[in-house]
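# Observations on the three-dimensional arrangement
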Amino acid sequence: MKSAMLLLARTKSALFPDGALRGWLLTPSSTSVARSSAGLHEPSDGEQCLHWLRQTLNLSLKISTIIGMCCMVVMAEDAKSITYDDHVAPIFRKHCLQCHGDSKQEAGLNLAGYLSTRKGGSGGEVVVAGRSSSSRLFKAITEEDPEARMPPKNDPLPKEQIALIKSWIDTGLRQSFGSSPVTMRKLGFTPTAFEKVDGPPPMPQNLPAIESVRLIRSFPVLALAASPRAPLIAVSSYERIDFVDPSTRNLIGSVPFPEGEPHFLRFNRSGSVLLVAGGRPVQNGVAVLYDVKTGKRLAEIGNETDVVLAADLSADEKQIAIGGSSRVVKVYSTETGSLVRSLVKHTEWITAIAYSPDGKLLATGDRVGNIHLWDVFSGGVVLPLSEHKASITSLSWRSDSQVLASSGEDGLIAWWEVANGWPLVSKADAHPPQRSAGVFGKIANGVLAASFGPGGQLITCGRDRTVRLWASAGNLLKTFDSSPVGDSQISGTRLLPLQAVFTFDGNSVVSGDSAGQIKSWPIEAVQK
Amino acid sequence: MISELVIVVNVDAKRCNPGSKPIMSINRLTLVTLALFVSLIFPLTVRSSEPSFRRDVMPIFFRAGCNAGTCHGSARGKDGFMLSLFGYDAKGDYERVVNEMIGRRVNVAVPEQSLLLLKATGAVPHTGGKLFSKESEYYKTVLAWIEAGAPDDIGQVPSTVEVVLSSKGMVFEKTELSETLTVTAIASDGSQRDVTGLARFFSNNDSVARIDADGRVTAVGPGDTNVFARFSRFTVGAEAIVLPSEATFQWPDPVAINFIDELVFDRLKKLRVIPSDLCDDETFLRRVTLDLNARPPTLAEYRDFMADTRSDKRAIKIDQLLENEAFADFWTALWAEQLRVIGGNYAPVATDVKAADAFYQWIRTQMRSRRPLNEFIAEMVDASGSNLSNGPVNLYTMLVHKPQFDPKAFAADFSQAFLGVQIQCAECHNHPFDRWTQDDYYGFVSFFTGMKRKPGIEPRERRIFCDTTAPPAKHLVDGRPMPAKTLGSVEPVPAGGDPRKALALWLTAPENEMFSRNLANRIWAQLLGRGIIEPVDDVRASNPPVNGPLLDALSRRLVDVKFDLRSIVREICHSRVYQLSARPNESNVRDTRQFSHAHLRRLRADVLLDSIVAVTGVPRRFSGFPDGTRAIEYYPRESGDTEGPHFGDQFFATFGRSSRATVCACETKREPTLSQTLHMAVGDSVRDRLSANGEMKRLLESKTGPDEVIEELFVKALGRQPKSDEAAAMRALIGDSVKDPAAYEDILWSLLNSTEFAFNH
């Protein structure tokens, strides 16, 4: 909970540069998370103030930028409360962790954690409590010579941020607001017991309206998920997730995702929790659990320097695995929020992650086409699955956990028999390249997504702009043309179906495209 | 509304016809009418204000360095993002920027959050650092393009067809002066635009003139160089001359013998460089004999020439040497080296000794019979038939030594050998510093895609022919078939039949300046030690001739004399420039490229070995060749196949004769090495010859005293009289043992180990 609160705090502090809200910031009652949205409920003092400021400063509600600047603003009189967790870590994350983080430690220095920051690099410690002038880190960021200065090949850090780091050092390198260091976080998330999967299917109810970022056009549907028990589709947008009724395509409600772009969505098996993973490219990445009914944020996992491109929630809901450009799959405990293990095997960006429904296996895929199967409990490698020659775009488990489907930018769909690691069916050119007259060479025909339905059929979409339905035996049943609508919106751009899923009952498929639109098609009974 | 339209028209008018001022004077009403008219006719006019990916965005990738070879333009991209090197593949670049990772690099919903912009402005960590600021035009253009939805271009975007620099040449009176260049791009629709802010600049020699990112050229030190601007696929240059002080310069006005002297002296005068004096007769005789007959002058030749009092004795000497068969044999050796003649005994690869010999003998016959060089080359280019009986067809077995004929490798080596142009860069991307595109490359490769070898009657024989049904090469980027097309032309040659006929015609035609300039430059380099374009086989826009008019004139003259080798060589040797002393003066001591004095040239390995043989009188045997074979007549004959480096004799490996591993002129090495020094000092080539065959003894007996012997040794080895102090020192070495060959052998050893012997000066 704490980190969610902190996020809120940061957002607010950025909105109130004059420090008027400091008292409010520290009020414990502000635990209702994600209030960057001005709800319909009684606004607090802070929120009234917020309205006023928005008008005065014409902030255009660009929360994106606001979050980016969130940590820049610090008052001089506030120096005593400057801490690593609240103020310094965000600066490091934005400017330093690419080279001095978990995945790479230039000069042996890792600034991603408090302790490793204190420990310093191969040349010894970089911060000396109370003495910024003799701290090498401070020297490095204030160096006059651009060749020697950090971050390299760039403008120096903004003055406010330098001042902040200086006072952090000078006030004694505090880790967090409390007097004792906090290493474990309590996320307040309780995994759903298996037997609880019954009762009425959870549906969002009276979600507070959220204020959206002004978009000049719709954001592509990067992620799509269907509730396993209800006529409910979660659709990603920019800094928010929309809940949509698949048959009417009406909006049921939205939850905000101020961390940026959702890249991955998944409901838990009871349909009560939605996992959202995403972030901002080369800035931050996170996975968040939402309560579907209330829209409340239940937990936040990970604190990455780049977008979380892939994630999944384990069947017992005790683990979340996330991955992205760091090439490491990180497995977190949903109960404590702590890192359970890092799976280091992939040599490229992690692009797909999926836990098996039986809870035993974890499948991960990367940008050069490698797939690895891991044992959920030990973290050991079970099998490599080698067939794809280009980026894996999605991994999906059949409900019996016996078959894993993978799709790739190489145009291939593979149905893997997990027991032995061989593909049962391997469809090359699953979305065949369409060659017009006079065009030679390779035509991009990547498969962009694949997802199993309850009956074992697979739905895929590809760069040929079609959505295709495959029988459980791997033969093609039907092709849906997803191209006509909206193509003319922007001349010179091509509309692509990016995601496709079955609805909970398997009676229709829904796709989302690069113009941010949702389409759905019924599936006739005979084809099931 | 009206004023908006006016603006539109103004902008468009400017694009179509820049510098057209009259529009300003047209009265407002006309303008408005015109505006309405235009807007009716071209409803899409307004769209032209939207940035185009190819026209506006890609040049920014180029200028900011995004698509450079060390960054995202690398063959595998950088940090997971690849752009085509300098933008040869616009379509692919669009896909990678917009569609490869949707929503990431380009965010059409919140454009300023596009990673492309965040990275370029250093707002997020970027290995390449900050490239431009949010206030720059570059940022605004890319942002506007993304705001428009990051559209791909529809239809044909006018492509850049020519790039023009505001200056062709600059002369700076002194250092620290500067001049700013502007760069104009002319598009295929005739429109022009100032692309100074989108071009990249570089200087060939920063110690003469620097050029900064804004096109400002600053004089640094005396000399001449070229500065260049690159935009689109074009590299255009301007000469930058920085003059030395005028105070110390007085042009001596040397007599010009022919056009060569006029053009070189014009250049030197412009650069305020004073040429050296004419070399003396001894130096001239040694130089021209080594250059034309690949050996030092004999004692008799030396005495005759020195005794000759005719005023035109140098010209007469040149003619004598040109008539000598050694001239033809030397050029046979040079061509055989260039065409990579190597004989093996591994039948399946078509380069058997018998084939190599057929090729070598054919070349010698052409050289001896004074075959015009264009005909000589044309006959090879469209040759077909047996590698054993038809010598010239071995161009297709030897120029590239591979078990299978490789059209791409062959096309690249072919153009390097016969045009001096290296097109192989364009296999993977447009040539970064020249005009060659992938279209040129694959079109050229298609001349050879039909070349086949089939077994002949005997195992060593291969019949070389062109399969006219073979498909042409495919373009790397889009797989288009590229029918045979000569370099730089737009249309392919007529289809049907053997395309090499058309190639041979085009290549050797008098109008093909690339061909005649290459030959002229190579011949000049052979005689002067340095090409007018250097290296001789790297002709490109960014490596211009150091004296353009001279190369033009030589090339024209070569055409005028109908590609007769002896005529052009005679003309060069006649010139005062060829006959200048190697001793520099105060003014030209730093000049290394304008021919103001003769270059010191270490003898080629084969000429050096022949010279040792000539001076000592002891022959050298070469394995696989009959006795009496000169080093210049030797080519590698090896067991096995003929791929890879082949020096043949170890002496050639030590002294850097071409190993024929590639077609590159750089295979012939003239750098000194420690092993060369050791070999000359203690190796068998010199040591075993000093006392062999009783030559020294005979010499001692034929002479009356040690002074005469010393004089003769000097003349034979160095082509000159000993100086008085040298003679005295040698005499002191001999002391009383005036008839002891050992003392004289030591003297000869010293002479052969002197740098003067190893160099043509």
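Since the model is a prediction, treat every value here as computed from it, not as a measurement.

## A look at the overall build of chain B
Of regular secondary structure, chain B possesses 29 helices and 17 strands. Referenced to the eigenvectors of the C-alpha coordinate spread, the extents of chain B come out at roughly 110 × 75 × 50 Å. Within chain B, buried positions represent 45% of all 761 residues. Sequence separation of 24 or more characterises 63% of the internal contacts of chain B that already satisfy a separation of 6 or more.

## Observations regarding the overall build of chain A
Helix and strand counts for chain A stand at 8 helices and 27 strands. Buried residues in chain A amount to 49% of all 528 residues. For chain A, the proportion of contacts with a sequence separation of at least 24, taken over those separated by at least 6, is 53%.

## Overview of the sheet that holds strand S17 (residues 392-397) of chain A
All names here are of chain A. Read from one edge of the open sheet, 4 strands run S17-S18-S19-S20, paired in antiparallel fashion. The open sheet is flanked by S17 and strand S20 (422-427), the only strands paired with a single partner. On average, adjacent strands in this sheet sit at an angle of 20° to one another, irrespective of strand direction. Of the pairings in the sheet, the one linking S17 to strand S18 (residues 403-408) comprises 5 bridges and is antiparallel in character.

## Some details on the interface of chain B and chain A
Listed per partner, the contact involves 28 residues of chain B and 32 residues of chain A. Here the side of chain B that touches chain A is composed, by residue class, of 13 nonpolar, 7 polar and 8 charged.

## Concerning the environment of Val286(A)
Residue and element names in this part refer to chain A. With respect to the helices and strands, the residue Val286 is situated in strand S7 (residues 284-291). Sequence spacing of Val286 and Lys389 is 103 residues, and the spatial spacing of their C-alpha atoms is 29 Å. Sequence-distant contacts of Val286, that is, excluding residues within four places in its chain, are made with Glu259, Gly279, Glu300, Ile301, Gly302, Asn303, Glu304 and Val308.

## A short note on the packing of helix H7 (residues 259-271) of chain B against helix H19 (residues 548-560) of chain B
Residues and elements named next belong to chain B. Packing of H7 against H19 brings their axes to within 9 Å, and their N-to-C directions diverge by 165°. As judged from the angle between their axes, H7 and H19 are roughly antiparallel. Two packed elements cross with a definite hand, and for H7 against H19 that hand is right-handed. Between H7 and H19, the residues in contact are Phe259, Ile260, Leu263 and Val264 and Pro549, Leu550 and Ala553, respectively. Across the contact of H7 with H19, the residue classes tally to 7 nonpolar, no polar and no charged.

## Points about unusual backbone geometry
The step from Met150(A) to Pro151(A) runs through a cis peptide bond, and the omega angle for that step is -10°. With respect to the element layout, Pro151(A) can be found in the loop between helix H7 (136-142) and helix H8 (159-170). Cis geometry is found at the peptide bond from Glu534(B) to Pro535(B), where omega equals -5°. In this structure, Pro535(B) sits in the loop between helix H18 (513-528) and H19. Phi at Arg327(A) takes a positive value of approximately 70°, unusual for a residue other than glycine. Mapped onto the fold, Arg327(A) is located in the loop between strand S10 (319-324) and strand S11 (328-333). Positive phi, normally seen in glycine, also occurs at Arg272(B), with a value near 60°. Among the secondary structure elements, Arg272(B) is positioned in the loop between H7 and helix H8 (281-293). Owing to 17 C-beta atoms within 10 Å, Arg272(B) belongs among the partly exposed residues under this scheme.

## Some details on the sheet that holds strand S22 (residues 458-462) of chain A
Residues and elements named next belong to chain A. Read across the open sheet, the 4 strands follow the order S21-S22-S23-S24; overall the sheet is antiparallel. The open sheet has two edge strands with one neighbour each: strand S21 (447-452) and strand S24 (476-481). Each neighbouring strand pair of the sheet contributes to a mean axis angle of 20°, computed without reference to strand direction. Of the strand pairs in this sheet, strand S23 (residues 466-470) and S24 are connected by 5 bridges, and their pairing is antiparallel. Looking across to S24, one finds that Arg468 is bridged to Thr479.

## A closer look at the domain arrangement of chain B
Residues and elements named next belong to chain B. Here chain B is partitioned into domain 1 (2-46), domain 2 (50-147), domain 3 (160-242), domain 4 (279-323), domain 5 (327-508) and domain 6 (603-634 + 644-760). In this structure, domain 5 and domain 6 have C-alpha centres spaced 39 Å apart. Across the boundary between the two partners, domain 5 contributes 10 residues, which contact 7 residues of domain 6. Elements represented by at least two residues in the side of domain 5 that touches domain 6 include exactly helix H11 (325-338) and helix H15 (407-418). Residues of the side of domain 5 that touches domain 6, tallied by class, amount to 5 nonpolar, 1 polar and 4 charged.

## Regarding helix H10 (residues 313-323) of chain B
Residue and element names in this part refer to chain B. Of all the positions in H10, only Arg314, Lys317, Ile318 and Leu321 are classed as buried. Considered in projection along H10, the buried side chains sweep an arc of 100° and stay on one side of the axis. For H10, exposure combined with an orientation more than 90 degrees from the buried face picks out Ile316 and Glu323.

## Observations concerning the pairing of strand S8 (residues 216-219) of chain B
All names here are of chain B. Where strand S3 (residues 178-180) and S8 come together, 3 bridges link them in antiparallel fashion. The partner of Glu179 across the bridge, within S8, is Val217. Of the strand pairs in this sheet, strand S7 (residues 209-211) and S8 are connected by 3 bridges, and their pairing is antiparallel. Across the sheet, the residue bridging to Ile211 is Val217, located in S8. Linking S7 back to S8 in an antiparallel pair, the connection comprises 4 residues, with Gly215 at a positive phi of about 85°.

## So, the nonpolar core
Core analysis: the biggest nonpolar cluster contains 200 residues, and Val341(B), Phe359(B), Leu399(B), Leu713(B), Ala717(B) and Leu751(B) have the highest contact counts within it. Sorting elements by how many residues they give to this core places helix H12 (residues 353-368) of chain B first, with 9 residues. Dropping the residues within four chain positions of it, Leu399(B) is found in contact with Leu339(B), Arg340(B), Phe410(B), Asp413(B), Phe414(B), Ala417(B) and Val663(B). Core analysis: the second largest hydrophobic core is formed by 97 residues, Val255(A), Trp416(A), Leu495(A) and Phe504(A) among them.

## Focus on the environment of Ser237(A)
All names here are of chain A. Topologically, Ser237 is positioned in strand S2 (residues 233-237). Remark: the alpha-carbon pair of Ser237 and Ser254, spanning 17 residues in sequence, is separated by 9.8 Å. Those residues in contact with Ser237, other than ones at most four positions away along the chain, are Phe219, Asp242 and Gly516.

## Notes on the packing of helix H25 (residues 695-702) of chain B against helix H28 (residues 741-752) of chain B
Residues and elements named next belong to chain B. Interaxial distance between H25 and H28 falls to 10 Å at its minimum, and their mutual angle equals 110°. As judged from the angle between their axes, H25 and H28 are roughly perpendicular. Counting all contacts with H25, which are made through Met696, Lys697 and Leu700, the residues of H28 involved are Pro741, Tyr744 and Glu745. Residue composition of the contact of H25 with H28, by class: 4 nonpolar, no polar and 2 charged.

## Some details on the environment of Gly323(A)
Residue and element names in this part refer to chain A. Considering the arrangement of structural elements, one finds Gly323 in strand S10. In sequence terms Gly323 and Asp410 are 87 residues apart; their C-alpha atoms lie 21 Å from each other. Apart from residues lying up to four places away in sequence, Gly323 is in contact with Leu309, Ala310, Val329, Ile350, Ile353 and Thr364.

Conventions adopted
- Residues numbered from 1 in each chain as written.
- Chains lettered and ligands numbered in written order.
- Predicted model: local features only at pLDDT ≥ 70, side-chain atom pairs only at ≥ 80, totals over all residues.
- Helix = DSSP H or I, 4+ residues; strand = E, 2+ residues; numbered from the N terminus.
- Buried ≥ 20, exposed ≤ 12 C-beta atoms within 10 Å, placed from the backbone.
- Contact = placed C-beta atoms within 7 Å.
- Pairing = 2+ DSSP bridges.
- Axes fitted to C-alpha atoms, helices over the stretch in contact; angles between N-to-C directions.
- Nonpolar A, V, L, I, M, F, W, Y, C, P; charged D, E, K, R; others polar.
- Parallel < 35°, antiparallel > 145°, perpendicular 65-115°, else oblique.
- Left-handed = near helix turned anticlockwise from the far one by under 90°.
- Domains from an automatic or database assignment.
- Arc of directions from axis to C-beta.
- Core = buried A, V, L, I, M, F, W, Y, C linked by C-beta atoms within 7 Å.

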